[in-house]
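As a plain string of letters, each chain reads:
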Amino acid sequence: RRPEKLVRVGVVSKLLIHPLKSGKAVSVAVAECRDLGLKHGGLQDRHWLVVTDEGRTVTGRQEPRLVLVSLTCQGGRVRLSGPDMEDLQVPIHQPENPVISCRLMDNDVQGRDCGEEASRWLSRYLGKEKTFRLVHFEPEMRTRRPLGSDPLFPIFSQHEVAYSDLCPVMLLSEASLRDLSGRLEKGVTAERFRPNIVIGDCEPFAEDSWEEIQIGSVRLQRLMSCDRCVFTTVDPETGVISRKEPLQTLKSYRLCKPSEKHIYKSSPLFGQLHTVKRTGVLHVGDAVYKISR
């Protein structure tokens with residue numbers, strides 16, 4: 001094997017954990033990078049999920065106001081917060097509650113029901129006739145292999161996730177965000193695109209070419225670009241969906257190469273999806289190195 005060469009390509013400018021899928025991001029200065037994504041204290045990325053009574057996943061695509069819901073953990077309890085709602089606290093561990101089989105991206109995944117209080121809180125907040133439930137992914141539960149049976153994506157049979165769509169880590173650069181914002185009437189922030197790691201001190205879209213990177217002791221392997229959908233048109237500050245920008249602008253200059261149409265179709269690409277090759281701890285301010293051989 002040829003010796004590895006580490007080439008500095010940037011610096012970590014922000015670490016974001018989304019404990020509740022489609023919920024508000026929590027910005028942290030330090031995070032463990034585990035096989036299933038980032039963790040800080042009791043918060044683990046996309047380890048809580050909103051589902052219908054039938055167990056179907058509910059995201060910001062269907063309920064845009066979910067992006068305003070904050071889920072935090074302290075003292076063994078989960079706190080739910082949202083506009084015009086009183087905060088609700090329930091225990092993180094409720095072993096007496098049933099484990100529900102949920103449906104996410106055409107895969108089955110498990111979740112521990114977080115109880116009737118959490119269900120009532122979500123149903124009242126979302127203001128629908130339907131009943132919504134909160135479930136929690138616990139360490140001993142069965143993970144999912146996203147697209148594992150799809151012949152177009154054989155690489156996904158090699159890694160597993162909890163409630164993330166495809167990969168445990170999504171990475172985006174500040175420069176790419178600035179490039180996009182410069183093309184829009186109103187600029188956008190990283191929070192709109194829900195990355196875990198934001199990289200500074202690099203050129204726009206430099207992250208597209210980093211096949212393997214090292215940050216501290218952590219190693220990340222790029223799997224594919226992140227194809228973008230209507231969820232990017234939900235404003236993370238207001239919870240309002242426009243169904244237009246920034247998706248239309250991204251489509252004007254961030255479509256895939258013709259040879260990749262069978263993978264991405266007509267979705268624009270923004271950010272990179274990574275799997276974790278080596279776990280460790282990440283800090284804001286850490287240097288980012290591209291690995292070349």
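Per-chain numbering applies: the sequence of each chain, read as written, is numbered from 1 onward. Reporting of local features is limited, given that this is a predicted model, to residues whose pLDDT is at least 70; pairs of side-chain atoms are given and counted only at 80 or more, and all residues count toward the totals for whole chains, interfaces and linings. Hydrogens and water molecules were not included; the side-chain quantities draw on all heavy atoms of the structure.

A few points about the packing of aromatic side chains
When two rings of Phe, Tyr or Trp (its six-membered ring) have centres within 6.5 Å they constitute a pair, described as stacked for plane angles under 30 degrees, edge-to-face for angles over 60, and tilted for the intermediate range. Taken as a whole, this structure holds five aromatic pairs when the rule is applied. With 5.7 Å between their ring centres and 15 degrees between their planes, Trp 121 and Tyr 125 make a pair best called stacked. Remark: Tyr 125 and Trp 121 occur in helix H1 (residues 116-126); sequence separation between them is four residues, near one turn of the helix. Classification of Trp 121 as buried rests on a relative accessible area of 2%. An aromatic cluster of three or more residues is present, and its members are Phe 193, Phe 205, Tyr 253 and Phe 270. In this scheme, Lys NZ or Arg CZ marks a charge over a ring once it lies within 6 Å of the ring centre and within 35 degrees of the ring normal. The ring of Tyr 125 is capped by Arg 65, whose NZ or CZ atom sits 4.2 Å from the centre of that ring. Comment: elements are numbered from the N terminus, with helices defined as DSSP H or I runs of at least four residues and strands as E runs of at least two. When accessible area is computed with a 1.4 Å probe and restricted to protein chains, residues below 20% of their type maximum are described as buried, those above 50% as exposed, and intermediate ones as partly exposed.

Regarding the nonpolar core
Think of a nonpolar core as a cluster: buried Ala, Val, Leu, Ile, Met, Phe, Trp, Tyr and Cys residues, connected wherever their side-chain atoms sit within 4.5 Å. Counting 50 residues, the largest nonpolar core has Trp 48, Leu 71, Leu 134, Ile 197 and Leu 220 as the members making the most contacts within it. Among the elements that make up this core, the one with the highest residue count is H1 (five residues). Those residues in contact with Leu 71 that lie beyond four places of it in its chain are Pro 19, Leu 20, Val 26, Leu 43, Trp 48, Val 78, Arg 79, Leu 80 and Leu 134. We call two residues in contact whenever any of their non-hydrogen atoms come within 4.5 Å of each other.

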